[in-house]
Amino acid sequence: MRVYFDNAATTPIDPEVLREMYKVMENQYGNPSSIHSHGREARALIEKSRKTIANLLHTSPSELFFTSGGTEADNTAIRCGIIDNGIKHAISSRVEHHAVIHTLEAMQKAGIIKLSFVDVDRKGNVDYNHLEELLKSNERSFVSLMHANNELGTINDIERIGELCEKYNSIFHSDTVQTMGHYQHDLSKLKVHFMVCSAHKLHGPKGIGFLHVNHRVKIKPFIYGGAQERNMRGGTENVHGIVGLAKALEIAYANMEEHHKHIQGLKTYMIDQLRENVQGIDFNGEVHPDKSLYTVLNVSFPCNEMADMLLFNLDIAGISASGGSACSSGTDIGSHVLNAIGGDSSRPSVRFSFSKYSTKNEVDYTVAKLKELCLVSA
Ligand code: PLP
């Protein structure tokens, strides 16, 4: 049996998305910047896709810019949001994705900003009082806090963070890569300036995503070249990718409730089965359905093998998952997220992440393998 429980890393492409993309690659191959009919057809597809996404998110198409994915969108929001608005202080947390942390650290190193990290508790929750203190004691900050953590699943209250940022006249960027297409986002109400999406996390293609830039914040062009993306991002557009992204988001929104229920059911079942069958396990991050992504379950095991060995053995059994231990030696290994929440470095941790294609049979097979592996190594 082969089991794919690494959907927070990437998801299999939906066949319906694939069919749409294939049609575009075969037929609408014109350059969207060309003014002839082939070009105009491709351009129309891009704008139709932008409109579809804008309608789903309750925003204006003028606030959406297609990018090569989450990393580019995060980098752009952070660099342009800070530099183009003359911001000197940024607030983030140590459990953010490297697309955020490394960008901010590079800017700090270059002397562009002072960087503060807000405290997080042992489950990865932001300390909102500390966040307010940091906002209060600095003039105008750029705040970058993710909606949900890709390793732990813990969800931040981005409505509350948005309110706080507004109160202190600050700019708010949220890395929403793990929640776009999995939760509803109403951008007409949320007080967020920048949000991001990566299609391959929601059964769309790799190498395409978007950056949402609220009209209340201004940024300058971020890739110089042609006049694509309303002069903001030069470069011939990934037309089939954009069409695939819009289709994937459309499917996700049309079936969100059903998928949520199915996947949360599997996650809860796996939690129960693990508790029953594998002694001494613990969960990293929040597991309560209101506080945790329904797609992610991070488990720490009592097995005294190294984390890599556990993942390796799961791989041998045909189960793909990811994770790693907290850093035990001070060298640059292990998960920066588990280290930041004070994870136990002597125990291997594995992140299982599910999708609409995951099944109960796969959970049963995985739990049985884990039971076997932990007994052998105990
Ligand atoms: N942010 C988060 C929270 C992610 O999980 C990822 C992907 O793992 C990214 C950003 C980067 O997205 P992409 O793979 O599209 O560059």
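Shown above is the structure to which this text applies.
Bear in mind the structure is a predicted one, so any value in this text is a computation, not a measurement.

Remarks on unusual backbone geometry
Step number 1: One non-glycine residue, Glu229, lies in the positive phi region at around 50 degrees.
Step number 2: Mapping Glu229 onto the fold places it in the loop between strand S8 (209-213) and helix H7 (239-254).
Step number 3: Classification of Glu229 by relative accessible area gives buried; the value is 4%.
Step number 4: A positive phi angle, near 70 degrees, is found at Asn231, a position not held by glycine.
Step number 5: A residue is classified by how much of its surface remains accessible, and Asn231, at 49% relative accessible area, is partly exposed.

Quick look at the layout of surface pockets
Step number 1: Counted as a void, the largest pocket has a volume near 270 Å³.
Step number 2: If you go around the largest pocket, you meet 14 residues; those closest to its centre are His147, Ile158, Glu159, Gln184 and Leu190.
Step number 3: Partitioning the lining of the largest pocket into residue classes produces four nonpolar, four polar and six charged.

A few points about the site of the ligand
Step number 1: Not every one of the 13 residues close to the ligand is listed here, only the nearest: Gly70, Thr71, Asp175, Ser198 and Lys201.
Step number 2: Note that an oxygen atom of the ligand is positioned 2.8 Å from one of the side-chain N or O atoms of Gln178.
Step number 3: One of the side-chain nitrogen or oxygen atoms of Ser198 is found 2.6 Å away from an oxygen atom of the ligand.
Step number 4: Across the complex, the protein chains shield 85% of the 400 Å² of accessible surface that the ligand would expose by itself.
Step number 5: Looking at the shell around the ligand element by element, the count peaks at three residues for helix H3 (residues 70-83).

Rules used in this analysis
- Residues numbered from 1 in each chain as written.
- Predicted model: local features only at pLDDT ≥ 70, side-chain atom pairs only at ≥ 80, totals over all residues.
- Heavy atoms only, no water.
- Helix = DSSP H or I, 4+ residues; strand = E, 2+ residues; numbered from the N terminus.
- Buried < 20%, exposed > 50% of the residue type's maximum accessible area, 1.4 Å probe, protein only.
- 1 Å grid on protein atoms, 1.4 Å probe; cavity = no way out; pocket = protein on both sides within 12 Å on 5 of 7 lines; lining within 4 Å.
- Points joined across faces, edges and corners; volume = space filled by probe spheres on them.
- Nonpolar A, V, L, I, M, F, W, Y, C, P; charged D, E, K, R; others polar.
- Near = heavy atom within 4 Å.
- Polar contact = N/O pair within 3.5 Å; in protein donor to acceptor, adjacent residues only side chain to side chain.
- Areas by Shrake-Rupley, 256 points an atom, 1.4 Å probe, with all protein chains shown as cover.

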